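Results of the structural survey
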Amino acid sequence: MQHQGFDSLRRDHTKHDSSNTAPKLPHDGKTFSRSEEFATTAKNSKPGHRRSASTGSPLIYSGGVNSSGSSPTLPPTGNICPSGKILRPGLPSPGPNRTDVLGSGTVNYGHGSIVRGASSVKSAMRCSDPEEVKRAGNEMYRNGKFAEALVLYDRAVALSPGNAVCRSNRAAALMEMGRLSEAVVDCEEAVKLDPAYARAHKRLASLYLRFGQVENSRRHLRIAGGVQDDRSEENNLLLLEQHLNQCEVERKNGEWKRVIRKVDEAVAAGADFCPQLVACKAEAYMKLREFEDAKSCLSKIPQLEGCPPACSQAKFFGMVGETFVHFVTAQVEMALGRFENAVSAAEKASVSGNNNVEVTKIVNAVRMVARARSRGNDLFRASKYSEACKAYGEGLLYDNSNYVLYCNRAICWHKLGKWENSVQDCNQALNIRPNYTKALLRRATSNAKLERWDEVVRDYRVLKQELPNDNEVAENLGQALVALEKSRKVVNGSTKLGVEVEEMTTLDKLKAAIAFTGVSVVYFKELSNELCEEISPFINTLCVRYPSVKFIKVDVEECITIAKAESIKSVPTFKIYKNGEKVKEMIRPNHQFLEDSIRRSNSL
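A short tour of the structure in this document, coming up. (Residues numbered from 1 in each chain as written. Predicted model: local features only at pLDDT ≥ 70, side-chain atom pairs only at ≥ 80, totals over all residues. Heavy atoms only, no water.)

A short note on the packing of helix α19 (residues 403–415) against helix α21 (residues 437–449)
Put simply, α19 and α21 touch, their axes get as near as 10 Å, and they point 25° apart. The angle between α19 and α21 places the two elements in the roughly parallel class. Pair α19 / α21 crosses with left-handed handedness. Within the contact between the two elements, α19 uses Cys407, Ala410, Ile411 and His414 and α21 uses Lys438, Ala439, Arg442, Thr445, Ser446 and Lys449. Across the contact of α19 with α21, the residue classes tally to 4 nonpolar, 3 polar and 3 charged. (Axes fitted to C-alpha atoms, helices over the stretch in contact; angles between N-to-C directions. Helix = DSSP H or I, 4+ residues; strand = E, 2+ residues; numbered from the N terminus. Parallel < 35°, antiparallel > 145°, perpendicular 65-115°, else oblique. Left-handed = near helix turned anticlockwise from the far one by under 90°. Contact = heavy atoms within 4.5 Å. Nonpolar A, V, L, I, M, F, W, Y, C, P; charged D, E, K, R; others polar.)

Focus: helix α6 (residues 180–193)
Its 14 residues give α6 an end-to-end C-alpha distance of 20 Å, which sits within 8% of 20 Å, the value for a rise of 1.5 Å per residue. Within the sequence span of α6, burial applies to Leu180, Ser181, Ala183, Val184, Asp186, Cys187, Glu188, Ala190 and Val191. The secondary structure elements touched by the buried residues of α6 are α5 (164–176), α7 (198–210), α8 (214–224) and α14 (309–312). (Expected span 1.5 Å × (residues − 1). Buried < 20%, exposed > 50% of the residue type's maximum accessible area, 1.4 Å probe, protein only.)

What to know about the environment of phenylalanine 146
Within the element layout of this structure, phenylalanine 146 appears in helix α4 (residues 146–159). The spacing of phenylalanine 146 and methionine 177 is 31 residues in sequence and 7.0 Å in space, taken between C-alpha atoms.

Focus: helix α15 (residues 323–335)
Taking 1.5 Å of rise per residue, the 13 residues of α15 would be expected to cover 18 Å, and the 19 Å separating its terminal C-alpha atoms lies within 8% of that figure. Of all 13 residues in α15, 13 are buried; the element is thus mostly enclosed. With its phi angle positive at about 80°, glycine 337 sits one or two positions after the end of α15.

Considerations on the pattern of salt bridges
As enumerated under the stated definition, the model contains 30 salt bridges in all. Between glutamate 233 and lysine 202 there is a salt bridge, and its shortest N-O distance comes to 3.3 Å. Residue glutamate 233 is found in helix α10 (residues 232–252), and its partner lysine 202 is found in helix α7; the two are separated by 31 residues along the sequence. Of the two residues, glutamate 233 and lysine 202, both sit in the buried class. The closest approach of N and O atoms between arginine 452 and glutamate 420, which form a salt bridge, is 2.4 Å. A residue pair is termed long-range when its members are at least 10 positions apart, and arginine 452 in the loop between α21 and α22 (453–466) and glutamate 420 in helix α20 (residues 419–432) qualify at 32 residues. With relative accessibility at 5%, the residue arginine 452 sits in the buried group. Each of Glu420, Arg452, Glu595, Asp596 and Arg599 takes part in salt bridges that share partners, so that together they form one network. (Salt bridge = Lys/Arg side-chain N within 4 Å of Asp/Glu carboxyl O.)

Considering the packing of aromatic side chains
Taken as a whole and judged by the stated rule, the model has 9 aromatic pairs. Ring centres 4.9 Å apart and planes at 75° place the aromatic pair tyrosine 403 and tyrosine 436 in the edge-to-face group. Here the residue tyrosine 403 occupies a position in helix α19, and tyrosine 436 occupies one in the loop between α20 and α21, the gap between them amounting to 33 residues. On the basis of relative accessible area, tyrosine 403 is assigned to the buried category, the value being 1%. (Phe/Tyr/Trp six-rings, centres within 6.5 Å; stacked < 30°, edge-to-face > 60°.)

Examining the sheet that holds strand β8 (residues 573–578)
Strand order in the open sheet formed by 5 strands is β5-β7-β6-β8-β9, with mixed pairing between adjacent strands. Strand pairing shows two members of the sheet lacking a second neighbour, β5 (501–503) and β9 (581–587), which therefore form its edges. This sheet shows a mean twist of 25° between the axes of neighbouring strands, independent of strand direction. The pairing of strand β6 (residues 519–525) with β8 spans 6 bridges and is antiparallel. Of the residues in β8, the one forming a bridge with valine 519 is lysine 578. Running at roughly 160° to β6, helix α25 (residues 530–545) makes contact with β5, β6, β7 (550–555) and β8 of the sheet. (Pairing = 2+ DSSP bridges.)

As far as function goes, none of this settles anything; it's purely spatial.
As structure tokens, then:
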């Protein structure tokens, strides 16, 4: 069956167009521009009759329908005269003043409730002639009033449910309104009613391109004859296919920054409404621990609900249909600490995953982590802090990058008075998600118990930036600053053993000092060295934190003999002794590593 004109007869008086071609698929995934979609009305046509322009096959069909509600059967070749008879090749065409008759002639054109040029939706809705209603819808569409056009197309479909053209026209309005899933349904129904309907196949090819479904798009493009007529559409599909394949390779290799780039390239190639690509980008951001970007992507995943099986069964990254979307959603929701949402997405992935190994692994992990977190919370509320610690720890066995579980366990350690353990778990949480406010608050309070006032001040200053209107944070910051100032005065003015850094100038005195029973830390420095200048205040702080440790400093520029005897080649260098025996040597350590080494040596 052929559809020409406004998806009806294109009546050129010298040639009958049987190719049924349509405009090309552009790179942005849309099938037609509005100027291409509608033909102009012939100046000499009478009311009720339209003739399409010769610039191309328009988008919307405005021809007649027969009594059965379907388009009339057209002869395969030859020219059509106004009477509907076939003219033999070489005979002159009718003069321009004669009116073209569209369709089979059974419709009473120009005498229904809608006349040519009428724009009243209400009057059109009262009409019982599907052709007149459709033509009124075409007029609305032509004027950019897509919502009004959709109402009229709905009416036309209700009056003539077996009319493939009405459904295709309605799909065009739905596409303009961004309701792509519904447009697919109408187009699929149109090609069921008329399997040779090229316009609907072209539109489906465009829609599936936007969904990122290369094979579905290619299948409809070939049925429509687009591949044979012009290779540009197939080239678009080949480019998209290439980007999708590269994206899958980078994902398998764990090259997440490249994954993001390949997703963007696939979207630019036309797949701008593909749920799986947006989900893939969310997964990449999550793996890079850029959680806010992952959260943003998750909220932008297009919905393709109600699409036909051909759409829902398309494969992405080895998973069928929406499985990949649910698979990623479960992981991102878990990473964001939204455990109930994660479990819900995991269950959906499990149902549609068809025993995919990757899906099964993640689904089980999400379930176990959510269960451990729920059990830990119940135990915490019951003040069973040791048991709660164990429960959260069991969850971390399944997801060792879950910062929520680390922070929850840190609170339990705090309740148990194990400040050091609490700080360590907060550090783990903040390594995964920097500036996580709950972990910063817990670390600050635990460090306050350990009188590590410079760390307390640092955390509260970050919290002040994150929570500028929080009065409690501001008050705690002020108290921490006062405590820090007091601790510095103690370090600078105290003469008590263990709270000052002793300076050694001779090798004999140094040997006598490190023979001290307990832990001794020797700090080799240069007065003019920038690294030494930066770390020296921290050594004073460590003096206060670990009063049982003996801290010694040696200026290697002034004590060359000591420097040679101890083989000091660069500064700052630290040596830790316990009961006279060297247990650790560090060159240019960072603050955390230095303190961890001192703490472990002191606890042995």
